[in-house]
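Okay, here's what each chain looks like letter by letter:
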Amino acid sequence: MTIKILRLLDSLNRGGAEILELDICRNAASAGLDLTFAATGGGDLEADFAASGVDYVRLERKLPVDPFLIKQLRDLIKSRNINIVHANQPVEAIHGYLAASGTGAKCVMTLHNRLMDRRNRLAARLVIPRMDAVVSVSRSTQEWYAAEEGFVIDERFHILPNGVDIKRLAPAASEDTTRLRREFGINENAALLGMIGNFYLDGRKDQLTVCGALPAVFEQFPEAHFVFIGALHDGAEGYHERCVEYCRDNDIADRVHFVGKRGDIPDLLRELDLFVFSTVQEGMPIAAIEALMLGVPMIVSDILPMLEVGGADTAEGLCVEVFETGNADDLAEKVIALLRDPDKLTTLGEKARVQTTKYYGIEAHLATLKSLYENLAAGK
């Protein structure tokens, strides 16, 4: 029996969930998945999805709960004999659930992170009890929903870590390996540190702690530079400006570069000598997995999802350095120690490359996903 899957996403702007979906679409056929992908909003990656090799359907949601969208999805489910509807956000899941009602299609939703706006929070409380399966991207994310939201973790709940397609990270033949250094006039022998993470109103990526650590780092390494790569979300202008002002007030603005949104992330990652991931809230960050797969040495805040990504639960153990979340002094001390020990940086990066490729490749993700779909379709 061929299992036909409809996966839903509400935005095609560049982000972790969107990149994961794109990797899934590009590798669906080789994994034996008959996949249709529907987006209810556009974005930067729309052309990539349209060329991904699966049936791509562009829809639009005009209301919080849109009857016309529900009808469109229902027609899609019935005309294509869809067996599984898989959504990535609660509001999408409501539309998928209502559209699938009475068709026999099973409904799945992925919990990507903990922080949701009020609309999605209310939608989650409504829709999660009605899902045939609920996927969490990390063990800590599932545990948080049980403890903080009161969801009873039963046989419907599954842990499926995000996966990354290593082929997507391969350098182009014409790759410019020094674009950041040339762009900002950075000496080729100077240490280049960086972080990839969008700026949010709530400061969840905690770029300000990184800024707080940099004066001490730069004092020890006067030629070092730091790049913040990531989009500025609506409402985050004040938080972003606090980071910029801190660097200006501490006379390090000439060595701290706020790059903004970029589409050449893998190429930029290869330029970094050290990836600094300071964050107070995560699910399973794709950017961190990409960096580790490329062998970029990394230091991460000590929240549980980052420890999971860093290999704390594996037989091999951690492949990242760890600092106390929100502690700029601890971060500075450990970054300085790493930069003073090039051999440790090399060893850390190589361990990260081997270990992360083993556990977080898109092939492993799709194999587990296919097994979940087969069990659902068989009524298990």
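Residues numbered from 1 in each chain as written. Predicted model: local features only at pLDDT ≥ 70, side-chain atom pairs only at ≥ 80, totals over all residues. Heavy atoms only, no water.

Asker: What's the story with the overall build of the protein in this structure? I'm lost.
Answerer: Secondary structure summary: the protein contains 15 helices and 13 strands in total. Relative to its length of 380 residues, the protein is compact, with a C-alpha radius of gyration of 21 Å against a globular reference of 21 Å. Here the C-alpha coordinates of the protein stretch approximately 65 × 40 × 40 Å along the principal axes. Across the 380 residues that make up the protein, the buried fraction comes to 55%. (Helix = DSSP H or I, 4+ residues; strand = E, 2+ residues; numbered from the N terminus. Rg over C-alpha atoms; globule rule 2.2 N^0.38 Å. Buried < 20%, exposed > 50% of the residue type's maximum accessible area, 1.4 Å probe, protein only.)

Asker: Can you walk me through the sheet that holds strand β9 (residues 225–229) in this structure?
Answerer: Two pairing modes exist for strands in a sheet, parallel and antiparallel, and in both the strands are linked by backbone hydrogen bonds. With respect to topology, six strands assemble into an open sheet ordered β10-β9-β8-β11-β12-β13, the strand pairing being parallel. The open sheet has two edge strands, β10 (256–260) and β13 (321–323), and neither has a second partner. This sheet shows a mean twist of 25° between the axes of neighbouring strands, independent of strand direction. Taken together, the four bridges between β9 and β10 define a ladder with parallel strand orientation. Bridge pairing links Phe 228 to Phe 258 in β10. Contacts between helix α13 (residues 328–339) and the sheet are confined to β8 (192–196), β11 (274–277), β12 (298–301) and β13, with β13 contributing the most and set at about 160° to the helix. (Pairing = 2+ DSSP bridges. Axes fitted to C-alpha atoms, helices over the stretch in contact; angles between N-to-C directions. Contact = heavy atoms within 4.5 Å.)

Asker: Mind showing me how you'd approach unusual backbone geometry here?
Answerer: Leaving glycine aside, a negative phi is the common case for residues, and trans is the common case for peptide bonds. Non-glycine residue Asn 81 carries a positive phi angle of around 50°. Relative to the assigned elements, Asn 81 resides in the loop between α3 (67–79) and β4 (84–87). Judged by its relative accessible area of 52%, Asn 81 falls in the exposed class. Of note, Asp 251 is a non-glycine position whose phi angle comes to about 55°, a positive value. Locating Asp 251 in the fold gives a position in the loop between α9 (237–249) and β10.

Asker: Just to check I follow, could you spell out the sheet that holds strand β1 (residues 4–9) for this structure?
Answerer: With parallel pairing, the seven strands of this open sheet are ordered in space as β3-β2-β1-β4-β5-β6-β7. In this open sheet, the two strands that pair with only one neighbour each are β3 (55–58) and β7 (157–159). Across the sheet, the mean angle separating the axes of adjacent strands is 20° when strand polarity is ignored. With four bridges joining them, β1 and β4 adopt parallel strand pairing.

Asker: For this particular structure, what's the right way to read the environment of Lys 344?
Answerer: Of note, Lys 344 is situated in helix α14 (residues 342–360). A residue is classified by how much of its surface remains accessible, and Lys 344, at 37% relative accessible area, is partly exposed. Excluding residues within four positions of it along the chain, Lys 344 makes contact with Glu 321 and Leu 338.

Asker: Even after reading the chapter, I still don't get the environment of Leu 6, so can you show me in this structure?
Answerer: Its place among the elements puts Leu 6 in strand β1. A C-alpha to C-alpha distance of 17 Å links Leu 6 and Leu 111, two positions 105 residues apart in sequence. When neighbours within four sequence positions are excluded, Leu 6 is seen to be in contact with Thr 36, Ala 38, Leu 73, Leu 76, Ile 77, Ile 82, Ile 84, Val 85 and His 86.

Asker: Just checking my understanding: could you explain the packing of aromatic side chains for this structure?
Answerer: Here the distance between the centres and the angle between the planes together describe a pair of aromatic rings. Counted by the stated rule, this structure contains ten aromatic pairs. Here the aromatic rings of Phe 199 and Phe 228 are separated by 6.2 Å at their centres, their planes lie at 65°, and the arrangement is edge-to-face. One end of the pair, Phe 199, is in the loop between β8 and α8 (207–220); the other, Phe 228, is in strand β9, with 29 residues separating them in the sequence. On the basis of relative accessibility, which here comes to 2%, the residue Phe 199 falls in the buried class. Arranged with centres 4.7 Å apart and planes meeting at 50°, the rings of Phe 226 and Phe 228 form a pair that is tilted. Note on accessibility: Phe 226 and Phe 228 belong to one class, buried. A connected cluster of aromatic rings, assembled from ring pairs, spans Phe 199, Phe 226, Phe 228, Tyr 239 and Phe 258. The side chain of Arg 204 reaches across the aromatic face of Tyr 200, ending 4.1 Å from its centre. (Phe/Tyr/Trp six-rings, centres within 6.5 Å; stacked < 30°, edge-to-face > 60°. Lys NZ or Arg CZ within 6 Å of the ring centre and 35° of its normal.)

Asker: Explain the packing of helix α11 (residues 286–293) against α14 here, please?
Answerer: A pair of packed helices is captured by two measures, namely the crossing angle of their axes and the spacing between those axes. Packing of α11 against α14 leaves a shortest axis separation of 7 Å and a crossing angle of 125°. What the angle tells us is that α11 and α14 run oblique. Side by side, α11 and α14 meet where Ile 289, Leu 292 and Met 293 of the first sit next to Ala 352, Arg 353, Thr 356, Thr 357 and Tyr 360 of the second. (Parallel < 35°, antiparallel > 145°, perpendicular 65-115°, else oblique.)

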